[in-house]
Structure formats: structure tokens, C-alpha cells
Amino acid sequence: QVQLVESGGGLVQAGDSLRLSCAASGRTFSSYVMGWFRQAPGKEREFVASINRGGSTLYPDSVKGRFTISRDNAKNTVYLQMNSLKPEDTAVYYCATGDRYYSLSAHAHDYHYWGQGTQVTVSS
């Protein structure tokens, strides 16, 4: 059974940095694409970042240059380093994975396993 557990969320000020972690278990972590999504109150779930087994990454324009996804296969952990945070980054952040090895995806329906989420609040 695949399990994903996020941590590292919190309350920060605009301009600050935060690093989220997602610990995975239940499968060969290093083989699969991992992703981060976020959902703000009243809004749809939004793609934030993904990384494949080769280390290639994908970001939307809204976070490109500010957020960095990385993975430590030895620790079965994926990270999301968030710099220059803005109030509009406030959301619950979710870690996710699916059955893809190399094909990066920004679509939630391509990810079949989700964590419980961690709250990130950025004050102005």
C-alpha cells in the first residue's frame, strides 16, 4: 500500500522560504514520477511541480524560478523548496504519485496516490 506523508508546512511572511517534505512508502519510490499540487479555499487543485526518475522537472509559470522540486531516493523522500513566497501561495499542499516513470504530468488525474496535505500560509 502506497503511503505519502507530507510535512514542513507552516505560517510564514511574504518573501520567506519554506521546504516541504513528502515521505513515501509501499513501493519502489525511485521508479516513479512524483508531484506536488496545492489547493486554496474555494479553488480547484493546482499543479505545482513534478519530477521523474531521471530528475527532470516540470513547473507552471506561477512558481517557476521560485520553487524547486527534488528527490532523495535513498530516503524515499521528495522535497519542495519554496522561495520568495507570496500570499497567493497560501494553500494546502499535497504530494502525489502515479504509475509513470518518465512522463511528467501537470494533471491531477495522472496521479493515483495522494498524501493528506500540509497547510502553507503566507502573510502579507
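That block above? That's the structure.
The paragraphs below set out a description of the structure included in this document. Not measured: the values here are computed from a predicted model.

Remarks on the state of the cysteines
Part 1 of the reasoning: Summed over the entire model, instances satisfying the criterion amount to 1 disulfide.
Part 2 of the reasoning: For cysteine 22, the disulfide goes to cysteine 95, at an S-S distance of 2.1 Å. Residues cysteine 22 and cysteine 95 are joined through a disulfide that is left-handed, its torsion about the S-S bond being -75°. One end of the pair, cysteine 22, is in strand β3 (residues 18-25); the other, cysteine 95, is in strand β9 (residues 91-98), with 73 residues separating them in the sequence.
Part 3 of the reasoning: A residue is classified by how much of its surface remains accessible, and cysteine 22, at 0% relative accessible area, is buried.
Part 4 of the reasoning: Taking relative accessible area as the criterion, cysteine 95 reaches 0% and is therefore assigned buried.

Observations regarding the pairing of strand β8 (residues 77-82)
Part 1 of the reasoning: Among the 6 residues that make up β8, 5 are buried, leaving the element largely enclosed by the rest of the structure.
Part 2 of the reasoning: Here 6 bridges tie β3 to β8, and the two strands are oriented antiparallel to one another. Bridge pairing in β8 links alanine 23 to threonine 77.
Part 3 of the reasoning: For strand β7 (residues 67-72) and β8, the ladder comprises 6 bridges, and the chain directions are antiparallel. Counterpart to arginine 71 in the pairing with β8 is valine 78.
Part 4 of the reasoning: Linking two consecutive strands that pair antiparallel, namely β7 and β8, is a turn of 4 residues; a positive phi of about 55° is found at asparagine 76 within it.

Considerations on empty space enclosed by the protein
Part 1 of the reasoning: Counted under the stated rule, the structure contains 1 cavity of 30 Å³ or more.
Part 2 of the reasoning: Considered as a void within the structure, the largest cavity measures approximately 30 Å³ in volume.
Part 3 of the reasoning: Taken together, Leu4, Ala24, Arg27, Thr28, Phe29, Tyr32, Met34 and Thr97 make up the lining of the largest cavity.
Part 4 of the reasoning: Of the residues contributing to the lining of the largest cavity, the split by class is 5 nonpolar, 2 polar and 1 charged.

Rules used in this analysis
Residues numbered from 1 in each chain as written. Predicted model: local features only at pLDDT ≥ 70, side-chain atom pairs only at ≥ 80, totals over all residues. Heavy atoms only, no water. Disulfide = S-S within 2.5 Å. Helix = DSSP H or I, 4+ residues; strand = E, 2+ residues; numbered from the N terminus. Buried < 20%, exposed > 50% of the residue type's maximum accessible area, 1.4 Å probe, protein only. Pairing = 2+ DSSP bridges. 1 Å grid on protein atoms, 1.4 Å probe; cavity = no way out; pocket = protein on both sides within 12 Å on 5 of 7 lines; lining within 4 Å. Points joined across faces, edges and corners; volume = space filled by probe spheres on them. Nonpolar A, V, L, I, M, F, W, Y, C, P; charged D, E, K, R; others polar.

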